[in-house]
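# Understanding the architecture of this molecule
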Amino acid sequence: MSTKHKRRIKYLAFILATALLIVLMALVSAMSTVSPAVAQVATCTDCHNVTTLITGKKTEWEESLHGTGEAYLRGTSASCAGCHSGGGFSAMVAAGQQPNQVTVGDPNPTRQDCRACHQIHTSYTGTDWALETIAPVSLYALPGKTFDGGNGNLCAKCHQPRTKAPVAVNGVVTGITNRYGPHHGPQSSMMLGTGGAGIEGTSAAHYQYVENTCVGCHMGSTASHTYEPKVATCKGCHATATNFDINGVQTATQAKLDQLGNLLVNAGVLNSIDPAVAAPTVTSAQENVAYALFNWIYIAKEDKSKGVHNPGYTAALLDASIAAIELPFNAKWDALGGAPGAATSAATAITGGMYKNYVNGRLYYNQGTNEVYWVHGEILLKYNSLGRENGFLGLPKSDEQDVSGVAGGRWNQFTSGNIYWSATTGAREMHGAILVKYLALGPAAFGLPTTDETGVPGYAPGRKSELVGATIYWSGATGAYEVHGAIRGKWLAMGGPAVFGMPTSDEQDLAGGAKWSQFQGVNIYWSATTGAREVHGAILAKYIEYGGRASALGLPTSDEYSSGSGRRSDFVGGYIYWDASGGAQVVI
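Residues numbered from 1 in each chain as written. Predicted model: local features only at pLDDT ≥ 70, side-chain atom pairs only at ≥ 80, totals over all residues. Heavy atoms only, no water.

The secondary structure content of the protein amounts to 23 helices and 24 strands. Its C-alpha radius of gyration of 42 Å places the protein more than 25% over the 25 Å reference for a compact globule of 588 residues. Taken along its principal axes, the extent of the C-alpha atoms in the protein is 160 × 55 × 45 Å. Across the protein, the fraction of contacts at a sequence separation of at least 24, relative to all contacts at a separation of at least 6, is 49%. Charged side chains of the protein number 40 positive and 42 negative; the gap between the two group centres comes to 10 Å. (Helix = DSSP H or I, 4+ residues; strand = E, 2+ residues; numbered from the N terminus. Rg over C-alpha atoms; globule rule 2.2 N^0.38 Å. Contact = heavy atoms within 4.5 Å. Lys, Arg positive; Asp, Glu negative; His and termini not counted. Charge placed at Lys NZ, Arg CZ, Asp CG, Glu CD.)

Where helix α14 (residues 249–266) contacts helix α15 (residues 287–303), the two axes come as close as 10 Å, and the packing angle between them is 140 degrees. As judged from the angle between their axes, α14 and α15 are oblique. As for the relative orientation of α14 and α15, their crossing is left-handed in sense. Each of Thr-253, Leu-257, Leu-260, Gly-261 and Leu-264 in α14 lies in contact with α15, whose residues at this interface are Val-289, Ala-292, Leu-293, Trp-296, Ile-299 and Ala-300. (Axes fitted to C-alpha atoms, helices over the stretch in contact; angles between N-to-C directions. Parallel < 35°, antiparallel > 145°, perpendicular 65-115°, else oblique. Left-handed = near helix turned anticlockwise from the far one by under 90°.)

What follows covers the pattern of salt bridges. Inspection of every chain in the model, using the stated rule, returns 20 salt bridges. For the salt bridge of Arg-410 with Glu-400, the shortest nitrogen-to-oxygen distance reads 2.9 Å. Linking Arg-410 in strand β10 (residues 410–414) with Glu-400 in the loop between α18 (377–385) and β9 (401–402), this pair joins segments that are 10 residues apart in sequence. Arg-410 sits in the partly exposed class, given a relative accessible area of 23%. A single network of salt bridges, built from pairs that share partners, joins Glu-400, Asp-402 and Arg-410. (Salt bridge = Lys/Arg side-chain N within 4 Å of Asp/Glu carboxyl O. Buried < 20%, exposed > 50% of the residue type's maximum accessible area, 1.4 Å probe, protein only.)

This part covers the state of the cysteines. Any covalent bond linking the sulfur atoms of two cysteines counts as a disulfide. Inspection of the entire model under this criterion finds one disulfide. Considering cysteine sulfurs only, Cys-217 is the nearest to Cys-237, which forms no disulfide, with 7.7 Å between them. When its relative accessible area of 68% is taken as the criterion, Cys-237 is described as exposed. (Disulfide = S-S within 2.5 Å.)

On to the confidence of the model for the protein. Of all residues in the protein, 92% attain a pLDDT of 70 or more, and the chain-wide mean is 91. Contacts for the low-pLDDT stretch residues 1–40, under 50 throughout, to residues beyond four places or in other chains number 22 contacts. (pLDDT = per-residue confidence, 0-100.)

The next thing to look at is the sheet that holds strand β5 (residues 348–350). Pairing in this open sheet of four strands is antiparallel, and the strands run β5-β6-β7-β8 from one edge to the other. Each edge of the sheet is formed by a strand with only one pairing partner; in this case those strands are β5 and β8 (371–375). Strand-to-strand twist of the sheet, defined as the mean angle between neighbouring strand axes without regard to direction, takes the value 25 degrees. Relative to β8, strand β7 (residues 361–366) runs antiparallel, the two being bridged by five bridges. If you follow Arg-362 over to β8, its bridge partner there is Val-375. (Pairing = 2+ DSSP bridges.)

This part takes up the side chain of Ser-224. Here Ser-224 shows up in the loop between α12 (213–218) and α13 (231–234). Judged by its relative accessible area of 7%, Ser-224 falls in the buried class. Side chain to side chain, Ser-224 and Thr-226 meet in a polar contact 3.0 Å long. (Polar contact = N/O pair within 3.5 Å; in protein donor to acceptor, adjacent residues only side chain to side chain.)

Right, let's talk about the packing of aromatic side chains for a bit. Applying the stated criterion to the full structure yields 12 aromatic pairs. A centroid spacing of 4.5 Å and a plane angle of 25 degrees characterise the contact between Tyr-383 and Phe-414, whose relative ring orientation is stacked. Note that Tyr-383 is positioned in helix α18 and Phe-414 in strand β10, a separation of 31 residues in sequence. Its relative accessible area of 0% is what places Tyr-383 among the buried residues. (Phe/Tyr/Trp six-rings, centres within 6.5 Å; stacked < 30°, edge-to-face > 60°.)

The next point concerns the pairing of strand β22 (residues 566–571). With three bridges connecting them, strand β21 (residues 561–563) and β22 associate as antiparallel partners. Note that in β22 the partner of Ser-562 across the bridge is Arg-567. In this structure, β22 lies alongside strand β23 (residues 574–579), joined through five bridges in antiparallel fashion. Following the sheet pairing, Asp-570 is matched in β23 by Tyr-575. If you look at the hairpin formed by β22 and β23, you'll find two residues sitting between the two strands.

Right, here's the structure in full:
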């Protein structure tokens with residue numbers, strides 16, 4: 001080939017290369033004018049499919065939440081596009097905006113891939129790998145707070161709080177929704193030691209000393225694009241580390257999260273301590289509870305590091321929140337003049353409330369009444385023996401107080417019963433229909449109970465409570481009635497419930513100071529002159545038919561007894577005789 005011919009080929013190649021360059025430049029120029037979503041349709045490996053570096057990083061990225069998550073779909077919303085769409089993020093950075101300043105959603109949102117973080121094909125030089133931004137980030141929800149963590153600033157652009165902690169008005173926080181809390185990604189504020197409710201902290205060692213903060217820990221020396229931190233990276237500072245629970249920070253944090261979460265659940269403001277499903281159950285709450293709820297959500301649902309990002313601030317928030325939940329206990333303690341004594345435990349969550357132990361008893365918070373009550377002494381011991389809050393009595397509903405009309409008597413009310421105490425009777429419980437009857441009669445009528453509610457010998461369906469001056473019996477068939485004095489003595493001497501069944505009336509007054517009580521199988525009458533006498537069976541039926549105590553017969557003067565071939569009961573004005581042949585006959 002001649003030299004002239006060779007020169008022609010070189011010239012044509014130069015012309016073709018120049019034309020190709022012009023086309024490429026035009027293509028790049030056109031790509032820069034379309035929306036970020038369109039520009040990111042192609043990925044690096046579509047062209048660089050034999051570049052080990054790029055394909056390796058893409059493989060790692062595909063394992064990350066940025067590569068696998070579906071949150072990018074929220075990018076169609078203007079309020080989400082700046083962080084949830086890769087294209088939206090690029091547009092936001094290019095416009096110098098914060099996430100809350102984005103006004104247009106991305107109609108075709110994409111995941112945060114290479115182009116979201118790196119300046120790809122902007123100069124066709126080595127600077128194409130430069131990060132989109134490493135400018136310090138002013139946390140827009142927390143005016144005056146700036147995150148300046150080197151390359152980690154790129155992460156902090158989105159990983160910052162969306163809302164600040166609530167402010168109570170007249171001691172109440174309103175407007176609580178299922179988005180309550182700092183909203184997704186407040187890791188930057190956690191590292192700064194800010195953003196929680198009710199307490200400010202200091203920046204973490206991971207912020208002060210780790211080069212490039214988030215990038216330094218989550219990508220490590222190999223620039224891993226899974227963004228999953230490795231224990232090997234931690235060893236640079238924590239030489240003996242075998243996991244992320246360094247110095248037990250995660251274990252301690254989880255224990256406090258569980259404690260606080262349970263307190264919030266039992267305070268009725270949180271539905272679960274599982275961060276995946278946890279959500280507020282109220283629209284407003286008292287300041288102390290609302291702040292504690294915000295901090296639990298901040299740490300458990302949003303930061304998610306279990307204290308690693310800022311151990312000191314995390315612990316301070318949780319301690320303050322648990323203490324805030326305990327404020328009702330402190331107020332009650334003050335109201336009682338410190339009578340419960342020194343605390344011997346932290347507040348403990350229980351179904352329907354919580355309790356805290358003291359030297360002189362226990363304070364219970366009852367969610368249903370939103371009050372704290374003091375239970376102590378012998379009444380507390382009885383309560384404990386009956387299963388405490390898990391027993392049939394349920395939670396307290398009063399402090400210990402005097403029993404009206406009973407000198408030396410004390411009592412506590414509970415959800416499903418009462419416990420009474422005196423030095424002579426000890427502590428005894430009453431509940432159900434027997435308690436209702438007791439309260440209707442009034443404690444002053446027959447004194448305090450001397451037994452807990454028990455079964456009735458010889459009458460399996462029955463229940464009873466012994467009082468100082470009476471017994472209250474109950475069955476489903478009869479209801480609750482009291483029996484006392486000589487009538488009770490007569491009835492029991494005759495065999496009581498096992499022979500004549502349960503009472504069907506309280507003791508009632510009759511003319512002249514007489515008394516009577518009705519039972520399932522007998523009536524017993526008493527007067528000072530006749531004593532207590534029973535009437536039952538066919539003779540009782542005849543007596544009632546004849547007019548009973550108001551008739552000429554008057555009150556009985558004997559029990560029923562054998563007479564001839566039959567049975568007989570004597571009365572003030574005559575008698576009633578019964579035999580099988582003639583039935584019951586009145587004789588005046």
